[in-house]
Amino acid sequence: MKQFLYILMFAAVGIYALMEQSKPAPNRFVMIGAMAIFMFGLFRLMKKIPSKNDGENEEENDAEI
């Protein structure tokens with residue numbers, strides 16, 4: 001349930017930021033806030049995805065020593 005609320009919040013902020021961007025003089029604070037929320041969401045998503053090079057780097061480092 002918590003993840004669903006995060007998705008709705010990110011979508012709502014993203015849509016509002018797109019509407020704000022289309023104005024002749026968009027509010028800077030709204031745009032900065034939308035970017036911050038987007039970066040936070042991206043960080044949380046990337047934290048869950050393992051790197052494909054993690055295992056390879058450990059094996060290469062052991063072979064070099």
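The structure presented is a predicted model; accordingly, all values stated were derived computationally and were not measured. (Residues numbered from 1 in each chain as written. Predicted model: local features only at pLDDT ≥ 70, side-chain atom pairs only at ≥ 80, totals over all residues. Heavy atoms only, no water.)

This next bit is on the overall build of the protein chain. Helix and strand counts for the protein chain come out as 3 helices and 0 strands. Across the 65 residues of the protein chain, 6% fall into the buried class. (Helix = DSSP H or I, 4+ residues; strand = E, 2+ residues; numbered from the N terminus. Buried < 20%, exposed > 50% of the residue type's maximum accessible area, 1.4 Å probe, protein only.)

Moving on: the side chain of Glu20. With respect to the helices, strands and loops of the structure, Glu20 is situated in helix H1 (residues 2-21). Within the local environment of Glu20, its side chain forms a polar contact with the backbone nitrogen of Asn27, the two atoms lying 2.8 Å apart. Non-local contacts of Glu20, meaning those with residues more than four positions away in its chain, are made with Pro26, Asn27, Val30 and Met31. (Polar contact = N/O pair within 3.5 Å; in protein donor to acceptor, adjacent residues only side chain to side chain. Contact = heavy atoms within 4.5 Å.)

Applying the stated criterion across every chain yields a total of 1 salt bridge. Between Lys23 and Glu20 there is a salt bridge; the shortest N-O distance is 3.4 Å. When its relative accessible area of 44% is taken as the criterion, Lys23 is described as partly exposed. Its relative accessible area of 6% is what places Glu20 among the buried residues. (Salt bridge = Lys/Arg side-chain N within 4 Å of Asp/Glu carboxyl O.)

Confidence along the protein chain averages 76 in pLDDT terms, with 82% of residues attaining 70 or more. The secondary structure element of the protein chain with the lowest average pLDDT is helix H3 (residues 54-64), at 57, and the one with the highest is helix H2 (residues 28-48), at 82. (pLDDT = per-residue confidence, 0-100.)

This brings us to a nonpolar patch on the surface. A cluster of nonpolar side chains, Phe38, Met39, Leu42, Leu45, Met46 and Ile49, forms an exposed patch at the surface whose accessible area comes to about 610 Å². Take Ile49: it is sitting in the loop between H2 and H3. (Patch = residues over 30% accessible without salt bridge, like charges linked within 9 Å, V, L, I, M, F, W, Y side chains within 5 Å. Areas by Shrake-Rupley, 256 points an atom, 1.4 Å probe, with all protein chains shown as cover.)

Further remarks concern the environment of Phe10. Position of Phe10 relative to the elements: it lies in helix H1. Judged by its relative accessible area of 27%, Phe10 falls in the partly exposed class. Each C-alpha atom, one on Phe10 and one on Phe40, is 9.9 Å from the other, the two residues being 30 residues apart in sequence. Apart from the residues lying within four places of it in its own chain, the contact partners of Phe10 are Ile37, Phe40 and Gly41.

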